[in-house]
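Residues per chain, in single letters:
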Amino acid sequence: MAIETIAVVGPTASGKTNRAVSIARHFDGEIISADSRQVYAGMDLGTGKDLEDYHEIPYHLIDICEAGEKYNLHRFLSDFRKSYSDILSRGKMPVVCGGSGMYVENALNGLIMPEVPSNLELRDSLKNKSLDELTEILKQSKTLHNTTDVDTVQRAVRAIEIMEYYKEHPEQAELADKSKAQKLNSLVIGMDIPREERRRSISLRLHQRLDSGMVEEVKGLIDRGVDPEALIYYGLEYKFLTLYVIGKLTYDEMFNGLETAIHQFAKRQMTWFRGMEKRGTKIHWLPYNISEEKFIKEVSSLL
């Protein structure tokens, strides 16, 4: 069966975007971003959109929400299916690119997720629980799709909300059953970057983005009326930079805390991708620094 889509995955600062652009250019494709924060307009430097890298290649699912909104897996899967079908209908190759492993894996697995409404009573009952306590509650579920996505209290509460909804609505849980989903026929390419190279790349990129105006970007979002708490919710750059802008962290505290958090995030990304492999997704790991010619040759040999 012919490959219908190519995905490029890997940790932050591993060069995914450039590689996805190369693939789209050589195989007449368009890129679908699978990044949980690049959907937000105005959040550019902090999410690493690098829009100039796309050149003439069309891209999808970037700048589709306003900063301050809440985007989630359910919305992504719905948006993904629309973009994917649109690209295929025009005879193009969908090229999925992103470091949000949960988004990539579930999209490629063909998962459908019903809309889960907010449960204010449940949220109120959980409001005083710690992240560790919330994580323990989540471990009770064997069907939840994003049990590892609990890096903030808010996300853990939302995950519990989904878990409880599925318990009360088994017919909806059945729709979201991974075992019944129709997987896409995909080729998954992973960018293999040694740990120390990854750490150097992350630190270099952080310096570059701060020099390019990442603090000013956050100040601008707040000046436009975006709630600082909403920015903190997004985590990583927006959490630490917002805390700095509103005076709760010094510059050095912000930088050191953010640098550490990004390194930890990259480690979690790799843990997810290794988990994808254990769950049955074949990832073809290619050196992050090989030439474009050799990279395309390797990808071509796998098609």
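Structural notes, computed from the coordinates. None of these values were measured; they are calculated from a predicted model.

Each value, and the rule that gives it
- Every chain is numbered on its own, with residues counted from 1 as its sequence reads.
- Local features in a predicted model are, by the rule used here, given only for residues with pLDDT of at least 70; side-chain atom pairs are given and counted only at 80 or more, and totals for whole chains, interfaces and linings are based on all residues.
- Excluding hydrogens and water, the side-chain values take into account all heavy atoms of the structure.
- Numbering of helices and strands runs from the N terminus; a helix is a DSSP stretch of H or I covering at least four residues, while a strand is a stretch of E covering at least two.
- C-alpha atoms define the radius of gyration in this analysis, and the globule rule sets the expected value at 2.2 Å times the number of residues to the power 0.38.
- Throughout, a contact is declared for two residues whenever any of their heavy atoms are within 4.5 Å.
- Working definition of accessibility: Shrake-Rupley area with a 1.4 Å probe, residue cover restricted to the visible protein chains.
- Counting rule for charge: Lys and Arg are taken as positive, Asp and Glu as negative, and neither His nor the chain ends is counted.
- A charged residue contributes its charge at one atom only: NZ of Lys, CZ of Arg, CG of Asp or CD of Glu.
- When DSSP finds two or more bridges between a pair of strands, those strands are recorded as paired.
- Between the rings of Phe, Tyr and Trp (Trp by its six-membered ring), a pair exists once the centres lie within 6.5 Å; its type follows the angle of the planes, with under 30 degrees stacked, over 60 edge-to-face, and the other angles tilted.
- Residues enter a nonpolar core if they are buried and are Ala, Val, Leu, Ile, Met, Phe, Trp, Tyr or Cys, with the set joined through side-chain atoms within 4.5 Å.
- Relative accessibility under 20% of the residue-type maximum defines a buried residue, over 50% an exposed one, and the middle range a partly exposed one, all with a 1.4 Å probe and only protein chains included.
- Comment: arc refers to directions from the helix axis out to C-beta atoms.
- Note on geometry: axes are lines fitted to C-alpha atoms, helical ones only across the stretch in contact, with angles between N-to-C directions running from 0 to 180 degrees.
- Roughly parallel covers angles under 35 degrees, roughly antiparallel covers those over 145, roughly perpendicular covers 65 to 115, and oblique covers all other angles.

Quick notes on the overall build of the protein
For the protein, the helix and strand inventory stands at 13 helices and eight strands. Relative to the compact-globule value of 19 Å for 303 residues, the protein shows a C-alpha radius of gyration of 19 Å, a close match. For the C-alpha atoms alone, the extent of the protein along its principal axes is close to 55 × 50 × 35 Å. In the protein, the proportion of contacts linking residues at least 24 apart, taken out of those at least 6 apart, comes to 74%. A total of about 14800 Å² of accessible surface is found on the protein, and carbon and sulfur atoms cover 49% of it. Counting 40 positive and 46 negative side-chain charges, the protein places the averaged centre of each group 5 Å from the other.

Digging into the sheet that holds strand β4 (residues 59-60)
Taken in spatial order, the six strands line up as β4-β2-β6-β1-β7-β8 in an open sheet, and their pairing is parallel. Two strands close off the open sheet at either side, each with one partner strand: β4 and β8 (283-287).

Digging into the packing of aromatic side chains
Tallying each qualifying case throughout the model produces nine aromatic pairs. Seen from their ring centres, Y54 and Y59 are 4.7 Å apart, and the 45° between their planes marks the pair as tilted.

Some thoughts on the nonpolar core
Within the largest apolar cluster, 59 residues are counted, with the highest numbers of intra-cluster contacts made by F76, F80 and L210. Considering each element in turn, this core owes the most residues, ten residues, to helix α12 (residues 251-278). Counting residues in each nonpolar core, the second largest holds 21 residues, with I62, I189, I290 and F295 among its members.

Details of the environment of L73
Here L73 is to be found in helix α2 (residues 73-89). Residue classification places L73 among the buried residues on the basis of a relative accessible area of 5%. A sequence separation of 40 residues divides L73 from M113, and the C-alpha atoms of the two residues are 8.0 Å apart. Apart from residues lying up to four places away in sequence, L73 is in contact with M102, Y103, N106 and M113.

Describing helix α11 (residues 236-245)
Counting buried residues along α11, seven of its ten residues qualify, which places the element largely inside the surrounding structure. Every buried residue of α11 is listed here: L236, E237, Y238, F240, L241, T242 and L243. Next to the buried residues of α11 lie α8 (195-211), α9 (214-223), α10 (228-233) and α12. Among the residues trailing α11, G247 stands out with phi positive, at a value near 85°.

Details of α9
Regarding α9, the residues found buried are M214, V215, E217, V218 and L221. Looking straight down α9, one finds its buried side chains confined to an arc of 160°; they lie on one side. Exposed side chains of α9 directed beyond 90 degrees from the buried face belong to E216 and D223. Against the buried residues of α9 lie α8, α10 and α11. Directly beyond the C-terminal end of α9, a positive phi value near 105° is found at G225.

Some points on the packing of α9 against α11
Interaxial distance between α9 and α11 falls to 10 Å at its minimum, and their mutual angle equals 75°. If you check the angle between α9 and α11, you find them roughly perpendicular. Where α9 approaches α11, its residues M214, V215, E217, V218, K219, L221 and I222 are matched on the opposing element by E237, Y238, L241, T242, Y244 and V245.

Considerations on the pairing of strand β2 (residues 29-33)
Of all five residues making up β2, five are buried, and the element is well covered by its neighbours. What you see with β2 is no split at all: G29, I31 and S33 on one side and E30 and I32 on the other are buried throughout. Of the strand pairs in this sheet, β2 and strand β6 (residues 93-97) are connected by five bridges, and their pairing is parallel. Bridging across to β6, I32 finds its partner in V96.

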